[in-house]
Amino acid sequence: MDMKKRISLELRNRNPAQIAELVVDNSRSTDGEVEGLTDDFTDLEFLSLVNVGLNSLAKLPSLPKLRKLELSDNNLSGSLDTLAEKCPNLTYLNLSGNKIKDLSTVEALQNLKNLQSLDLFNCEITSLEDYRESVFELLPQITYLDGFDQEDNEAPDSEAEDEDEDGEDGAGQPGDYDEDDDEEEDEDGSEGGEVGLSFQVNRADQEEEEEEDYAEEEEEEDQVQGQKRKRDEDDEGEEDEDDEDD
C-alpha cells in the first residue's frame, strides 16, 4: 500500500490537526519522498516511517510539536538538516538501518537543541574508530546514543516508566482492597461463629439423644435379666417339688 493511501486510512475521517500519533510502517513511497503528510498535522507528536523506502526528507512538512521520529530501515544518506527546520522540538530520533556513513552527515543534527536520544544501529558510521566518542562530542545535547549514555548506562524504557507510574498511582488501591478483605473476613468470621455455635448445639442434642438411647438399652437389658432370673427361680422351684414327690 502506498504511503499516501495508508495515511488516509489511518486518519479514519478525522481532521489531521486531531492526530497526535501516526504509524505508517511498511507502506511504500513511490519516489522515495514523504507523501500524504501536510502542515495540517499541527499536533503530531509521534511519527513512525519505518521501512517505507525513503531516500530523502526534503518533502517532510512542518511538524512543530513532533517529539519522536522513527525513520529506521530506509535509504537515507543525507538531508538531515531538514529535521532541524521542520521538527525543531525532536527529543528522540531513530535512524537505524539507513545509509549514514560519515560524521559530517550527523553534524546536521546539531541544530536539534532538544534532541536527547539518537539511534544509528546498523549504519556504516558505527564502524568508525571512536564512533561513540565522536558522536557525543559532535552532538553534546544528546544523552543517549544507541540506547546508552557515555558511561554505558542503558536508557530507561519509557513503557517501563509508564508502568512504574501506574504502579505508584495505584499504590493506595491495595490498602483499600485489604480493608475490604478485612471487612469480608470479619463478616465471614461472624458467620463462622454462628455456624460453630449451631454445630455445638446440634452436637449437644445428639449426645443427649445418645445418652437417652443408652439408658433405654440398659433398662431393657435389666428387664431381660430380671425375667431370666425369674424363670430360673421358677424352674428351680419345679425341680424341688418333683424331688419331694419322689
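Residues numbered from 1 in each chain as written. Predicted model: local features only at pLDDT ≥ 70, side-chain atom pairs only at ≥ 80, totals over all residues. Heavy atoms only, no water.

**A closer look at the UniProt feature "domain: U2A'/phosphoprotein 32 family A C-terminal" (unreviewed entry) in the protein chain**
Working step 1: Taking the numbering used here, the UniProt-annotated feature "domain: U2A'/phosphoprotein 32 family A C-terminal" (unreviewed entry) corresponds to residues 128-146.
Working step 2: Helix makes up 42% of residues 128-146 and strand 11%, with an end-to-end C-alpha separation of 15 Å. (UniProt positions renumbered as here; feature names shortened; annotations may be inferred. Helix = DSSP H or I, 4+ residues; strand = E, 2+ residues; numbered from the N terminus.)

**A look at the side chain of aspartate 119**
Working step 1: By secondary structure assignment, the location of aspartate 119 is in strand β5 (residues 117-119).
Working step 2: Buried aspartate 119, no salt bridge; nearest opposite-charge side chain is arginine 132, N-O distance 8.0 Å.
Working step 3: Setting aside its immediate chain neighbours within four residues, aspartate 119 contacts Tyr92, Leu93, Asn94, Leu95, Ser96, Asp146 and Gly147. (Buried < 20%, exposed > 50% of the residue type's maximum accessible area, 1.4 Å probe, protein only. Lys, Arg positive; Asp, Glu negative; His and termini not counted. Salt bridge = Lys/Arg side-chain N within 4 Å of Asp/Glu carboxyl O. Contact = heavy atoms within 4.5 Å.)

**Topic: the sheet that holds β5**
Working step 1: An order of β1-β2-β3-β4-β5-β6 is seen for the six strands of this open sheet, with the pairing classed as parallel. Each edge of the open sheet carries a strand with a single partner, namely β1 (21-23) and β6 (144-145).
Working step 2: Two strands pair when backbone bridges link them, and β5 and β6 are joined in this way by two bridges, in the parallel orientation. When the sheet's bridge partners are listed, leucine 118 is paired in β6 with leucine 145. (Pairing = 2+ DSSP bridges.)

**Comments concerning helix α1 (residues 3-11)**
Working step 1: For α1, the set of buried residues is Met3, Arg6, Ile7 and Leu11. Down the axis, α1 shows its buried residues gathered within 140 degrees of arc, on one side only.
Working step 2: Note on α1: the residue one or two positions beyond its end, arginine 12, has a positive phi of about 50 degrees. (Arc of directions from axis to C-beta.)

**Quick notes on unusual backbone geometry**
Working step 1: Of note in this structure, arginine 12 is not a glycine but carries a positive phi near 50 degrees.
Working step 2: Tracing the chain through its elements places arginine 12 in the loop between α1 and β1.
Working step 3: Given a relative accessible area of 57%, arginine 12 falls into the exposed group.

**Let's talk about the confidence of the model for the protein chain**
Segments scoring low in pLDDT should not have their predicted coordinates read at a detailed level.
Working step 1: Within the protein chain, residue pLDDT values average 80, and 64% of them lie at 70 or more.
Working step 2: Under a pLDDT of 50 for its full length, residues 181-185 has, in the predicted model, zero contacts with residues more than four places off or in other chains.
Working step 3: For the stretch residues 189-201, pLDDT sits under 50, and the model shows zero contacts to residues farther than four places along the chain or on other chains. (pLDDT = per-residue confidence, 0-100.)

**Brief notes about the pattern of salt bridges**
Working step 1: In this structure the tally under the stated criterion is three salt bridges.
Working step 2: The shortest N-O distance in the salt bridge between lysine 59 and aspartate 31 comes to 3.5 Å. With lysine 59 in the loop between β2 (46-48) and β3 (68-70) and aspartate 31 in the loop between β1 and β2, the pair connects residues that are 28 residues apart, well separated along the chain.
Working step 3: You can call aspartate 31 partly exposed: its relative accessible area is 41%.
Working step 4: Measuring nitrogen to oxygen at the nearest pair gives 3.0 Å for the salt bridge that ties aspartate 43 to lysine 65.

**Description of the side chain of glutamine 141**
Working step 1: The residue glutamine 141 is located in the loop between α4 (131-138) and β6 in this model.
Working step 2: Of the polar contacts made by the side chain of glutamine 141, one reaches the backbone oxygen of leucine 112; its length is 2.9 Å.
Working step 3: Ignoring any residue separated from it by four or fewer positions in sequence, one finds glutamine 141 in contact with Leu109, Gln110, Leu112, Lys113, Leu115 and Gln116. (Polar contact = N/O pair within 3.5 Å; in protein donor to acceptor, adjacent residues only side chain to side chain.)

**Here's the deal with the environment of threonine 38**
Working step 1: Topologically, threonine 38 is positioned in the loop between β1 and β2.
Working step 2: Residues threonine 38 and proline 16 lie 22 residues apart in sequence; the distance between their C-alpha atoms is 8.5 Å.
Working step 3: Setting aside residues no more than four positions away along its own chain, threonine 38 makes contact with Pro61 and Leu63.

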